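The residues making up each chain are set out below.
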Amino acid sequence: MTKKQRAAEVCRLLNKEYGTDLRCYLEYDPEKPWQLLFATILSAQCTDERVNIVTRELFKKYPTLEAVAAADIAEFEKDIYSIGFYRNKAKNIISCAKALIEDFDGQVPSDIDELTSLPGVGRKTANVIRGNIFGINSIVVDTHVKRVSSWSHKG
């Protein structure tokens, strides 16, 4: 069996076991794509469940991109404290909100280079946005995928 055939078989078995109905577990308003962007930034080193608990209140308190951009950083840190790495995440999210307003007319861009130019946005976050907001086929690779991929090449 070639590597390509083996990969196709692995994908077939995974699809059979887990299905092909893919969904994002982070909660956000589809009319406000910036919410998914910020929820994804918050999800680094944190569970989606915890992020959803925090963002339910966070997005009520800061209902617009402008409200996030104008947020007091110390207060925002308190709002997201339970997520971990709250100082960096608060700084990045507020800076990201400002950049979206100033550089992208308040719109979340679909271009990978534009997305990764935003504070706190790496390739994984950018690809989550591209796939879930814009329907662009994107591969989201996190540390678990990297670890398993690396391990399988050694075996």
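First things first, this report covers the structure right here in the doc. The structure displayed is predicted, hence computed values, not measured ones.

### Considerations on the packing of aromatic side chains
Aromatic ring pairs are reported here in terms of the distance separating the ring centres and the angle at which the planes meet.
Logical step 1: Here the structure, examined in full by the defined rule, presents 4 aromatic pairs.
Logical step 2: The interplanar angle of 55 degrees and the centroid separation of 5.7 Å between the aromatic rings of Trp34 and Phe38 together place this pair among those described as tilted. Residue Trp34 and its partner Phe38 are located together in helix H2 (residues 33-42), separated by 4 residues, close to a single helical turn. Of the two residues examined, Trp34 and Phe38, each falls in the buried class.
Logical step 3: Considering the side-chain rings of Tyr81 and Tyr86, the 4.7 Å spacing of their centres and the 55 degrees angle between planes classify their relative orientation as tilted.
Logical step 4: Relative accessible area serves as the criterion here: at 52%, Tyr81 is assigned to the exposed category.
Logical step 5: Here a set of aromatic residues connected by ring pairs shows up, and it is made of Trp34, Phe38 and Phe59.

### A word on unusual backbone geometry
Logical step 1: Here the phi dihedral of Phe85 falls at roughly 50 degrees; this positive angle occurs in a residue that is not glycine.
Logical step 2: Its location among the elements puts Phe85 in the loop between helix H5 (73-80) and helix H6 (86-104).
Logical step 3: Accessibility expressed as a relative area gives 56% for Phe85, which makes it exposed.
Logical step 4: Here Asp105, not a glycine, exhibits a phi torsion of approximately 50 degrees, which is positive.
Logical step 5: Here Asp105 is to be found in the loop between H6 and helix H7 (112-116).

### Re the packing of H5 against H6
Logical step 1: At their nearest, the axes of H5 and H6 sit 9 Å apart, and the two run at 120 degrees to each other. Taken together, the axes of H5 and H6 are oblique relative to one another. Crossing of H5 against H6: the hand is right-handed. Along its contact with H5, which presents Ile73, Phe76, Glu77 and Ile80, the element H6 presents Tyr86, Arg87, Lys89, Ala90, Lys91, Ile93 and Ile94.
Logical step 2: Partitioning the contact of H5 with H6 into residue classes produces 7 nonpolar, no polar and 4 charged.

Rules used in this analysis
- Residues numbered from 1 in each chain as written.
- Predicted model: local features only at pLDDT ≥ 70, side-chain atom pairs only at ≥ 80, totals over all residues.
- Heavy atoms only, no water.
- Phe/Tyr/Trp six-rings, centres within 6.5 Å; stacked < 30°, edge-to-face > 60°.
- Helix = DSSP H or I, 4+ residues; strand = E, 2+ residues; numbered from the N terminus.
- Buried < 20%, exposed > 50% of the residue type's maximum accessible area, 1.4 Å probe, protein only.
- Axes fitted to C-alpha atoms, helices over the stretch in contact; angles between N-to-C directions.
- Parallel < 35°, antiparallel > 145°, perpendicular 65-115°, else oblique.
- Left-handed = near helix turned anticlockwise from the far one by under 90°.
- Contact = heavy atoms within 4.5 Å.
- Nonpolar A, V, L, I, M, F, W, Y, C, P; charged D, E, K, R; others polar.

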